[in-house]
Amino acid sequence: MFYKDQILYIRERNHTRELQLDSILYCEAQGAYTVLHLKDSRIMMICLHLRKFAAQFEEGIFCRIHHKYLVGMSNIRGLALNHDERYAELTGGTRLPVSRRKAVVLQRGLA
(Lines give C-alpha, C1' and ligand atoms only; values in the text may rest on other atoms or scores of the structure.)
Protein backbone atom coordinates (compact mmCIF):
# COMPACT_ATOMS: atom_id res chain seq x y z
CA MET A 1 0.00 0.00 0.00
CA PHE A 2 1.16 3.51 -0.78
CA TYR A 3 -0.36 6.92 -1.37
CA LYS A 4 0.30 9.72 -3.83
CA ASP A 5 -1.67 12.79 -4.93
CA GLN A 6 -4.69 12.06 -2.68
CA ILE A 7 -5.02 8.51 -4.03
CA LEU A 8 -4.40 5.42 -1.94
CA TYR A 9 -3.04 2.44 -3.88
CA ILE A 10 -3.84 -0.89 -2.26
CA ARG A 11 -2.18 -4.03 -3.55
CA GLU A 12 -4.50 -7.02 -3.69
CA ARG A 13 -3.22 -10.39 -4.87
CA ASN A 14 -2.51 -9.71 -8.56
CA HIS A 15 -3.76 -6.14 -9.02
CA THR A 16 -3.70 -2.69 -7.39
CA ARG A 17 -6.87 -0.91 -6.32
CA GLU A 18 -7.07 2.90 -6.35
CA LEU A 19 -9.02 4.66 -3.63
CA GLN A 20 -9.52 8.42 -3.27
CA LEU A 21 -8.52 9.52 0.23
CA ASP A 22 -11.64 11.67 0.55
CA SER A 23 -13.81 8.55 0.09
CA ILE A 24 -12.60 7.23 3.48
CA LEU A 25 -14.98 8.19 6.28
CA TYR A 26 -12.92 6.62 9.07
CA CYS A 27 -10.52 3.78 9.80
CA GLU A 28 -10.81 1.27 12.60
CA ALA A 29 -8.05 -0.81 14.23
CA GLN A 30 -8.66 -4.54 14.42
CA GLY A 31 -5.47 -6.12 15.66
CA ALA A 32 -2.88 -6.24 12.87
CA TYR A 33 -5.50 -5.02 10.37
CA THR A 34 -7.07 -1.68 9.53
CA VAL A 35 -10.69 -1.58 8.44
CA LEU A 36 -11.52 1.29 6.08
CA HIS A 37 -15.11 2.52 6.35
CA LEU A 38 -15.97 4.32 3.13
CA LYS A 39 -18.55 7.05 2.55
CA ASP A 40 -20.54 4.79 0.22
CA SER A 41 -20.95 2.26 3.11
CA ARG A 42 -18.39 -0.19 1.71
CA ILE A 43 -15.80 -1.67 4.02
CA MET A 44 -12.27 -2.67 3.07
CA MET A 45 -9.71 -4.45 5.22
CA ILE A 46 -5.97 -4.02 4.79
CA CYS A 47 -3.18 -5.93 6.49
CA LEU A 48 -1.49 -3.03 8.25
CA HIS A 49 -1.62 -1.71 11.83
CA LEU A 50 -3.60 1.51 12.16
CA ARG A 51 -0.52 3.27 13.59
CA LYS A 52 1.52 2.43 10.48
CA PHE A 53 -1.38 3.33 8.19
CA ALA A 54 -1.76 6.77 9.85
CA ALA A 55 1.98 7.48 9.70
CA GLN A 56 1.90 7.57 5.88
CA PHE A 57 -0.18 10.73 5.62
CA GLU A 58 0.55 14.41 6.11
CA GLU A 59 -0.86 16.09 9.18
CA GLY A 60 -4.37 17.43 8.67
CA ILE A 61 -5.71 14.68 6.41
CA PHE A 62 -6.57 12.24 9.19
CA CYS A 63 -6.72 12.57 12.95
CA ARG A 64 -6.32 9.79 15.51
CA ILE A 65 -9.24 10.40 17.87
CA HIS A 66 -8.97 7.17 19.87
CA HIS A 67 -6.61 4.20 20.02
CA LYS A 68 -9.10 2.39 17.79
CA TYR A 69 -10.16 5.15 15.36
CA LEU A 70 -8.64 7.42 12.74
CA VAL A 71 -11.00 9.86 11.02
CA GLY A 72 -10.82 11.99 7.91
CA MET A 73 -10.68 15.58 9.17
CA SER A 74 -13.07 16.77 6.46
CA ASN A 75 -15.69 14.27 7.68
CA ILE A 76 -16.05 15.64 11.21
CA ARG A 77 -19.35 17.50 11.49
CA GLY A 78 -19.45 18.05 15.25
CA LEU A 79 -17.87 17.31 18.60
CA ALA A 80 -19.30 16.56 22.02
CA LEU A 81 -16.52 16.92 24.58
CA ASN A 82 -18.33 16.96 27.92
CA HIS A 83 -17.22 15.24 31.12
CA ASP A 84 -19.77 12.47 30.70
CA GLU A 85 -19.42 11.89 26.95
CA ARG A 86 -16.83 12.57 24.27
CA TYR A 87 -17.54 11.76 20.66
CA ALA A 88 -17.07 13.02 17.12
CA GLU A 89 -20.08 13.09 14.83
CA LEU A 90 -19.16 12.32 11.24
CA THR A 91 -20.80 12.84 7.87
CA GLY A 92 -23.82 10.55 7.74
CA GLY A 93 -24.40 10.66 11.50
CA THR A 94 -21.82 8.09 12.62
CA ARG A 95 -20.59 8.79 16.16
CA LEU A 96 -17.16 7.64 17.30
CA PRO A 97 -15.64 7.94 20.77
CA VAL A 98 -12.90 10.51 21.38
CA SER A 99 -10.30 9.77 24.04
CA ARG A 100 -9.56 12.38 26.70
CA ARG A 101 -5.98 12.73 25.49
CA LYS A 102 -7.00 13.23 21.85
CA ALA A 103 -9.84 15.68 22.57
CA VAL A 104 -7.47 18.66 22.95
CA VAL A 105 -5.56 17.77 19.77
CA LEU A 106 -8.81 17.34 17.86
CA GLN A 107 -10.15 20.71 19.00
CA ARG A 108 -6.93 22.42 17.87
CA GLY A 109 -7.08 20.65 14.51
CA LEU A 110 -10.62 21.84 13.85
CA ALA A 111 -10.00 25.44 14.93
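Cut-offs and rules
- Residues numbered from 1 in each chain as written.
- Predicted model: local features only at pLDDT ≥ 70, side-chain atom pairs only at ≥ 80, totals over all residues.
- Heavy atoms only, no water.
- Phe/Tyr/Trp six-rings, centres within 6.5 Å; stacked < 30°, edge-to-face > 60°.
- Helix = DSSP H or I, 4+ residues; strand = E, 2+ residues; numbered from the N terminus.
- Buried < 20%, exposed > 50% of the residue type's maximum accessible area, 1.4 Å probe, protein only.
- Core = buried A, V, L, I, M, F, W, Y, C linked by side-chain atoms within 4.5 Å.
- Contact = heavy atoms within 4.5 Å.

Moving on, we get to the packing of aromatic side chains. This structure, assessed with the given rule, holds six aromatic pairs. Judged by centre distance (4.8 Å) and plane angle (55°), the rings of Y3 and F57 are tilted. In this pair, Y3 is assigned in strand 1 (residues 2-4) and F57 in the loop between helix 1 (50-54) and strand 7 (62-66), connecting sequence segments 54 residues apart.

Below, the discussion takes up unusual backbone geometry. With a phi angle near 50°, D5 is a residue other than glycine that sits in the positive phi range. Position of D5 relative to the elements: it lies in the loop between strand 1 and strand 2 (7-12). For D5, a relative accessible area of 63% corresponds to the exposed category. Even without being glycine, S41 reaches a positive phi, approximately 75°. Structurally, S41 is set in the loop between strand 5 (33-38) and strand 6 (43-46).

What follows is about the nonpolar core. Counting residues in each nonpolar core, the largest one holds 19 residues, and the members touching the most others are L8, L19, L21, I24, L36, F53 and F57. Counting only elements with at least two residues in this core, the list comes to strand 2, strand 4 (24-30), strand 5, strand 6 and helix 1. Once residues lying within four places of it in the same chain are set aside, the contact partners of F57 are Y3, L8, L21 and F62.

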